[in-house]
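Each chain, letter by letter, is given below.
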Amino acid sequence: MTEDPPPEGGPPVTHRRLLFTVAYEMLGSAADAEDVLQESWLRWADVDRAQVRDPRAYLVRTVTRQALNRLRSLSRSREEYVGEWLPEPLLTSPDVAEDVELAESVSIAMLTVLETLGPTERAVFVLREVFELPYGEIAEATGKSAAAVRQIARRAREHVAARRPRVQVSRSEQQAVVERFLAALRTGQLQELLEVLAPDVVMIADGGGVVAAALAPLHGAEVVAKLLAGANRKVAALRTTTVWLNGAPAGRIDFDGEPSTVSLAVENGRVTRIYVVRNPRKLTRLDTPAELAR
């Protein structure tokens, strides 16, 4: 299969989708991922292509190194972030869900778990578990020995396995629960909200200090339902839409014209986790689907 032509001297488009996905999974931010790609393309432009035996591997290494540098520089600003920090949601096409492993790896739930890893652990986990790169290539990309990479990969797998959602549901069940949740939100009826929420539901909201949002996670159906019902009463206009975000059915909610996104974790037909992004700086990519690839 022939490659698409490179945009403005950058790598071929098929590589670009892969590279963006690598950077996004490492950073949890599409804006930062785009910056990393730009920096990587500048380095690619100066490379003697005759010396590059495998452009794809070379580009993945370059993007990984740049993403690691960016992740380390971002760590302080994320520590000082007002309230909870959530990944930047991406509008995706339903096709992304056909690659189950890709869809899971870019889910808001998984990206939130990856935030609890150190930069090198996160890079190793993403490159090994998601993109299935050989340990030797990951070692080159991260500046570690292959033996060290194997140990880091094992620790990262155990760390993620202990924190990731354990129950996988079908996309049709996910969509049905999303629609029930959004319908209950529109009515603002406490009982309808309680019926769709698991008793031990947790809600995490990201307002970034820019718009109103809970500064810490909220626990329990009663607490979460009361807050959501109250939010309904406080706005003049509330509009909800089912959309595909990060490879799964999710919701877009407009409170008096201000957009928010809501991604849900579902178990036994009820919502166990709610991830609400309200920070407007993270909601600039809700019109055009992101192109992701492994």
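To be clear, the structure that these remarks concern was listed above.
Small disclaimer: the values here were computed from a predicted structure and weren't measured.

Calculation notes
- Residues numbered from 1 in each chain as written.
- Predicted model: local features only at pLDDT ≥ 70, side-chain atom pairs only at ≥ 80, totals over all residues.
- Heavy atoms only, no water.
- Phe/Tyr/Trp six-rings, centres within 6.5 Å; stacked < 30°, edge-to-face > 60°.
- Helix = DSSP H or I, 4+ residues; strand = E, 2+ residues; numbered from the N terminus.
- Buried < 20%, exposed > 50% of the residue type's maximum accessible area, 1.4 Å probe, protein only.
- Lys NZ or Arg CZ within 6 Å of the ring centre and 35° of its normal.
- Pairing = 2+ DSSP bridges.
- Contact = heavy atoms within 4.5 Å.
- Axes fitted to C-alpha atoms, helices over the stretch in contact; angles between N-to-C directions.
- Salt bridge = Lys/Arg side-chain N within 4 Å of Asp/Glu carboxyl O.

Caption draft 1: Structural detail: the packing of aromatic side chains. Tallying each qualifying case throughout the model produces two aromatic pairs. When the centroid spacing of 6.1 Å and the interplanar angle of 5° are considered together, the rings of Phe20 and Tyr24 count as stacked. You can see Phe20 and its partner Tyr24 sitting in helix H1 (residues 13-27), four residues apart, about one turn around the helix. Centre to centre, the rings of Trp44 and Tyr58 are 5.8 Å apart; their planes meet at 50°, and the pair counts as tilted. Placement of Trp44 in helix H2 (residues 30-45) and of Tyr58 in helix H3 (residues 55-79) is noted, with a sequence separation of 14 residues between them. A residue is classified by how much of its surface remains accessible, and Tyr58, at 23% relative accessible area, is partly exposed. Over the face of the ring belonging to Tyr135 we find Arg128, whose NZ or CZ atom lies 4.1 Å from the ring centre. Geometry around Trp85 places Lys282 over its ring, the cationic atom sitting 4.1 Å from the centre.

Caption draft 2: Expanded view of the sheet that holds strand E5 (residues 258-267). In space, the six strands of this open sheet follow the order E2-E1-E6-E5-E4-E3, with mixed pairing throughout. In this open sheet, the two edge strands, each paired with only one partner strand, are strand E2 (218-219) and strand E3 (238-245). Looking at chain direction, strand E4 (residues 248-255) and E5 are connected through five bridges and run antiparallel. Within the sheet, the bridge partner assigned to Asp254 lies in E5 and is Pro259. Packing of helix H9 (residues 171-187) onto the sheet brings it into contact with strand E1 (197-206), E3, E4, E5 and strand E6 (270-277), and relative to E3 it is tilted by some 165°. Relative to E1, helix H11 (residues 221-234) is tilted by about 55°, and along the sheet it contacts E1, E2, E3, E4 and E6.

Caption draft 3: How the structure looks around the pattern of salt bridges. This structure, assessed with the given rule, holds 19 salt bridges. The partner of Glu115 in a salt bridge is Arg78, with the nearest N and O atoms 2.9 Å apart. Here Arg78 lies in helix H3 and Glu115 lies in the loop between helix H5 (108-114) and helix H6 (119-130), a separation of 37 residues in the sequence. Judged by relative accessible area, which is 15%, Arg78 ranks as buried. Here Lys282 and Asp206 are joined by a salt bridge, their closest N and O atoms 2.6 Å apart. On the criterion of sequence distance, the pair formed by Lys282 in the segment after E6 and Asp206 in strand E1 is long-range, its members being 76 residues apart. The burial state of Lys282 is the same as that of Asp206; both residues are buried. Taken together, the salt bridges that share partners define one network made up of Arg16, Glu34, Glu88 and Arg285.

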